[in-house]
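Examination of the molecular architecture
Listed here are the chains, written in short residue letters.
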Number of protein chains: 2
Amino acid sequence: MPEYRKDPITNRWVIISSERSNRPIEKAELTTSTSIFCPFDKGNEHLTPPEILAFKPQNSKPNDENWWLRVVPNKFPAVTQEKPPIIKKNGMYFSIDGYGYHEVIIETPNHNTTIAYMNDFEVEEIIWAYLQRFNEIKKDKKIKYVQIFKNYGPNAGASLPHPHSQLIATPIIPIFIEEELKGSKAFYNIKKECIFCSIINQEKKENVRIIEENNNFISFEPFAPRFPYETWIIQKEHNSNFGNLDIHLVKDFAKILKNTLLKLNRLLGIFPFNYMIHTSPFDNLNNSYYHWHLEIIPRLTNAAGFEWGSGFFINSVSPENAAQNLKSLEEGFL
Amino acid sequence: MPEYRKDPITNRWVIISSERSNRPIEKAELTTSTSIFCPFDKGNEHLTPPEILAFKPQNSKPNDENWWLRVVPNKFPAVTQEKPPIIKKNGMYFSIDGYGYHEVIIETPNHNTTIAYMNDFEVEEIIWAYLQRFNEIKKDKKIKYVQIFKNYGPNAGASLPHPHSQLIATPIIPIFIEEELKGSKAFYNIKKECIFCSIINQEKKENVRIIEENNNFISFEPFAPRFPYETWIIQKEHNSNFGNLDIHLVKDFAKILKNTLLKLNRLLGIFPFNYMIHTSPFDNLNNSYYHWHLEIIPRLTNAAGFEWGSGFFINSVSPENAAQNLKSLEEGFL
């Protein structure tokens, strides 16, 4: 029996319809290329724009080979710092010059790995790179939001297989963030509580959608997921600002990110996915109603006309079943 | 130089960034299968659920071979009429049993064609089928909205190549429609004019994004398109209700739909796409602020983490360039 479910934060509805999983459709494929040539490999530093940040031994030179993590501008940027963001009006239409930052975080020199198979130190270094760039870009008063994200696999929009994440910083707050802010503000005004904290409480009480937990974080399948095996990672203590993680939180966040991806990998095989960090915008980083988190969306199916037309998602795997399947890994059933 | 642009109806921003079109990414492929076996072919009527509607000569029997268009329930429905839509609450979470309609419009017995290559009569019959089902489902007071849509090609979510459209009718108004209603209502309250009528006026005045025009319709690239070659078809006269098209409008709508898709086909080759009809919900079909229209979204690129994370779209083809490229077809440049 299918079911409509409402996401409590955005009021977006989804259709959970397990019957749909029987229809004949090929699983999205991931071509794991044993690429001959890669601009993100060691020795090819001259093929990317000059580095913005690199983790490397002291006494290294900029753009030399001694790095274990590099951040470079995207060679094909969606936005640039050429012109300041000035609003232009033409009749009914508004536009702004494409001011912003578009950067690539090259996560490791190792071409053939993913976060699930890195060691703790490597994953922590990725988080530190996110934090450093987030807090550095914050100084640019023209920027309102930094979207940190990862595309893994061609079906998830990745054009290169080498492990990397990206960030795009814009003078505009993205609409999904606006919607989450609006929904969580409305909840706070009534209940005087953060809606995400309230979700964490209910998830812990029900314990049917939780995937992983450590001292500071839990990962779980949200109640109204758009995609099969959509998984969120959230800090247990209230924190609206991704930018102020301390060393203990970085360690625990790296650990849960790695372990959650590993579980998904073990169940789904190598699978295409996106993840993105949602946090408060720069002009309102510390508040009582919003709560930073990371959303993982496996790209096992293609959004189609219904989804694009309506914003309504049909999901053929209920989050309880997804959690159960991921849990049965631990119990040795798979 | 990239540019942010705001969709005037929903206030959704997009990034128009032609630089991005240089990045190495394969074009989404369409496998045109010369399928051996198809449940939508003539003679296989017993392989679909029994027909809800069929266009056929008088004296034909239900589910016989004499049809030129059939509507059947989706064999793998996202929603069904098993249980009435009653709201259930569990702590913070709300759900509703999956009441609704999910139907397939088999557009023609001809396995190997598309709307662009059908004759006028065939396309008009498709529109008549949409209208009949729309107006029939309207009688079910539990339903609030009918989303009519088409998936063409595996990359656009189609599991079968035989020409078909679908509809999903739900007791919930989809969030994108809610957003368009909200935006157009806000505009109307200030300007006392329909925002879509106002857009039509500006498009006709500027004449840099129009693709096709006839007596009753125009098709154009919207100012802030999410996708390269996203194209909208809209009735010129104000009309909030898709369900009340008369015979002349059906003819002109069929014509512009066919001609617009043909132009896109001639420029892009056989390409995967979705289209969807947006109209007012059943409880408010005739109003002054909303305007029904059809949106075509070519699926040449994959939405990635940035788009899914932020709701912000990066589009590598400006609508003016897209319109210019489509226009140059007429002028014999291509």
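Residues numbered from 1 in each chain as written. Chains lettered and ligands numbered in written order. Predicted model: local features only at pLDDT ≥ 70, side-chain atom pairs only at ≥ 80, totals over all residues. Heavy atoms only, no water.

Remarks on the environment of Ile172(A)
Within the secondary structure, Ile172(A) sits in the loop between strand S9 (164–170) and helix H2 (175–191). For Ile172(A), a relative accessible area of 7% translates into the label buried. Sequence-distant contacts of Ile172(A), defined by excluding residues within four places in its chain, comprise Ile96(A), Lys144(A), Tyr145(A), Tyr4(B), Trp13(B) and Phe312(B). (Helix = DSSP H or I, 4+ residues; strand = E, 2+ residues; numbered from the N terminus. Buried < 20%, exposed > 50% of the residue type's maximum accessible area, 1.4 Å probe, protein only. Contact = heavy atoms within 4.5 Å.)

Quick word on the pairing of strand S13 (residues 273–278) of chain A
All names here are of chain A. Of all six residues in S13, six are buried, a share of seventy percent or more. Because side chains alternate across S13, one face comprises the buried residues Phe 273, Tyr 275 and Ile 277, and the other comprises Asn 274, Met 276 and His 278, equally buried. The pairing of strand S8 (residues 145–152) with S13 spans five bridges and is classified as antiparallel. The residue bridging Tyr 152 from the neighbouring strand is Phe 273, located in S13. With six bridges connecting them, S13 and strand S14 (residues 293–298) associate as antiparallel partners. Counted as the bridge partner of His 278 is His 293 from S14. (Pairing = 2+ DSSP bridges.)

Quick notes on the relation of the copies chain B and chain A
By a simple turn and slide, chain B fits onto chain A: the slide is 0.0 Å along the axis, the RMSD is 0.0 Å, and the turn is 180°. Taken together, the rotation and translation relating the two chain copies correspond to the operation of a two-fold axis. Both copies present the same face, since 100% of the interface residues in chain B are matched by interface residues at the equivalent positions in chain A. (Least-squares fit on C-alpha atoms with pLDDT ≥ 70 in both.)

Focus on the UniProt feature "domain: Galactose-1-phosphate uridyl transferase C-terminal" (unreviewed entry) in chain A
Look at the UniProt record and you will see "domain: Galactose-1-phosphate uridyl transferase C-terminal" (unreviewed entry) annotated at residues 191–296 of chain A. Counted over residues 191–296 of chain A, helix gives 33% and strand 22%. Its end C-alpha atoms are 28 Å apart. (UniProt positions renumbered as here; feature names shortened; annotations may be inferred.)

Focus on the pairing of strand S2 (residues 13–16) of chain B
All names here are of chain B. Of the two faces of S2, the one carrying Trp 13 and Ile 15 and the one carrying Val 14 and Ile 16 are both buried. Relative to S2, strand S1 (residues 3–6) runs antiparallel, the two sharing four bridges. Considered in S2, the bridge of Tyr 4 is made with Ile 15. Hairpin geometry of S1 and S2 is characterised by an intervening segment of six residues between the two adjacent antiparallel strands and by a positive phi of about 65° at Asn 11. Bridging between S2 and strand S15 (residues 313–315) involves three bridges; their strand directions are parallel. The residue bridging Ile 16 from the neighbouring strand is Asn 315, located in S15.

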